[in-house]
Amino acid sequence: MSHGRFDNPVIAALAGFWDIFRKQENADKFNETHRFDGKICIITGANSGLGFACAVEMAKRGANVIMAGRSGFPDAGVRVRRKSGSDKVEMRYLDLSKVGTIHEFVDGLVKDGIRPDATLLNAGVALPKARRTESGQDEMFLVNYLSNVILTNLMVSKGVIPIHSNGFSKPRLIFISSDSHQGSSAIDYSEFGRFIDHGVSKGIENYSYFKLILNTYATELSRRLNPGTVNVGVNVICPGPVHSNIIKPAPLPLRLVLGAIFRIIFRSPAKAALPVIYMSVSSDYEGKTNEYLHMFNNKKMDPKVYIPEEGQKLWEESFRVWKEIDPFING
Ligand SMILES: NC(=O)c1ccc[n+]([C@@H]2O[C@H](COP(=O)([O-])OP(=O)(O)OC[C@H]3O[C@@H](n4cnc5c(N)ncnc54)[C@H](OP(=O)(O)O)[C@@H]3O)[C@@H](O)[C@H]2O)c1
């Protein structure tokens, strides 16, 4: 069954073209006074592309940056320090396709007493064909979706993200999504969490479909953490088209075509990072939750994302799959 809006990678890449020329309504509100001095920021997938650019920008603006990733040790951290001129940058190991490393990562934060002010759930992959993880899931499902459920739930349940913080600023969770989620199908629970072999077309569909699932989860998490009052800002952003390494796993001919589109049309990670930084630190987002930005524009996500029954069902199904695959919570 078809789930995503696009099944052709070239059309999917070109679909973001006009968005670049749209007026960016909040861009004028963002400036050099937006700083992170004294704040801690965690970024998943920070060794490359958008995550790397966010790490540089946050470090430049005074943040203590924790780059969480599975590769790029130590050179990505060294480059962030050099580009930002800050030494308040560290790297920690986190492979989101291996559930055990998520536990180790969160336990490390607990041990070191780290309580991030902003956490960017940024890591993601776009794979041309299905790849099975150690725990038996489709890698894109696990990395782009379920690992974010596991990571955020462990961070909250272990107090890394305190729900009732006395501080002036509430912690912020920001999910990096894609506007291509708009128009994806409703969540199909007959396939949920199951490994199904596929090729390029289905891979492209799944990419936007998993972003719809991610946004539905973010909306449900926002509901659960904020009953009546905002305790944790849980917001979602699409950075627009970014000239990053996301096409690296594509087969060579496709990579050449997409590479040309990325080079000519797409924006640099440094530019694409700016609305993410704005959402992470601006007082415009203090006390706000379940907001969506498409670059610098306020927007609504796909209407299905906001249906409470969908959120409830997704929560239950996500926990069911998590429990099935995670030996660390099954004892
Ligand atoms: N590029 C775009 O046009 C675009 C548009 C909209 C949204 N986005 C979203 O932006 C986010 C960042 O992507 P990008 O474009 O900057 O691509 P990228 O340069 O490929 O960066 C992706 C990051 O995710 C990391 N990652 C992948 N699998 C991982 C795993 N198992 N464990 C930990 N980290 C893992 C990668 O690490 P490795 O280097 O080790 O693989 C890399 O650091 C993604 O969520 C993507 O969906 C991108």
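Enquirer: Would you mind going over the site of the ligand with me for this structure?
Expert: Near the ligand lie 29 residues; those nearest to it are S48, R70, S71, Y207 and S244. N47 is positioned such that a nitrogen or oxygen atom in its side chain is 2.7 Å from an oxygen atom of the ligand. Elements with a contribution of two residues or more to the shell around the ligand: α2 (49-60) and α6 (200-225). The residue makeup of the shell around the ligand, split by class, is 13 nonpolar, 13 polar and three charged.

Enquirer: Honestly, unusual backbone geometry in this entry has me stumped. Any pointers?
Expert: Residue P74 follows F73 across a cis peptide bond; omega there is -10 degrees. As for its placement among the helices and strands, P74 is situated in the loop between β2 (64-69) and α3 (75-84). Look at M295: it is not a glycine, yet its phi comes out positive at around 55 degrees. Within the element layout of this structure, M295 appears in the loop between β7 (292-294) and β8 (297-298). A relative accessible area of 1% means that M295 is categorised as buried.

Enquirer: I would appreciate a short explanation of the pairing of strand β1 (residues 40-44) in the present structure.
Expert: The side chains of a regular strand alternate between both faces of the sheet. With four of five residues buried, β1 lies mostly within the body of the structure. Alignment of β1 against β2, held across five bridges, turns out to be parallel. Each bridged residue has a counterpart across the sheet, and for T44 the counterpart in β2 is A68. Handedness of the crossover is the feature at issue here: the chain leaves β1, passes through α2, returns alongside β2, and the resulting connection is right-handed. The pairing of β1 with strand β4 (residues 118-121) spans three bridges and is classified as parallel.

Definitions and cut-offs
Residues numbered from 1 in each chain as written. Predicted model: local features only at pLDDT ≥ 70, side-chain atom pairs only at ≥ 80, totals over all residues. Heavy atoms only, no water. Near = heavy atom within 4 Å. Polar contact = N/O pair within 3.5 Å; in protein donor to acceptor, adjacent residues only side chain to side chain. Helix = DSSP H or I, 4+ residues; strand = E, 2+ residues; numbered from the N terminus. Nonpolar A, V, L, I, M, F, W, Y, C, P; charged D, E, K, R; others polar. Buried < 20%, exposed > 50% of the residue type's maximum accessible area, 1.4 Å probe, protein only. Pairing = 2+ DSSP bridges. Right-handed = clockwise from strand over helix to strand, strands pointing away.

Honestly, that's just the spatial picture; any functional story needs more than this.
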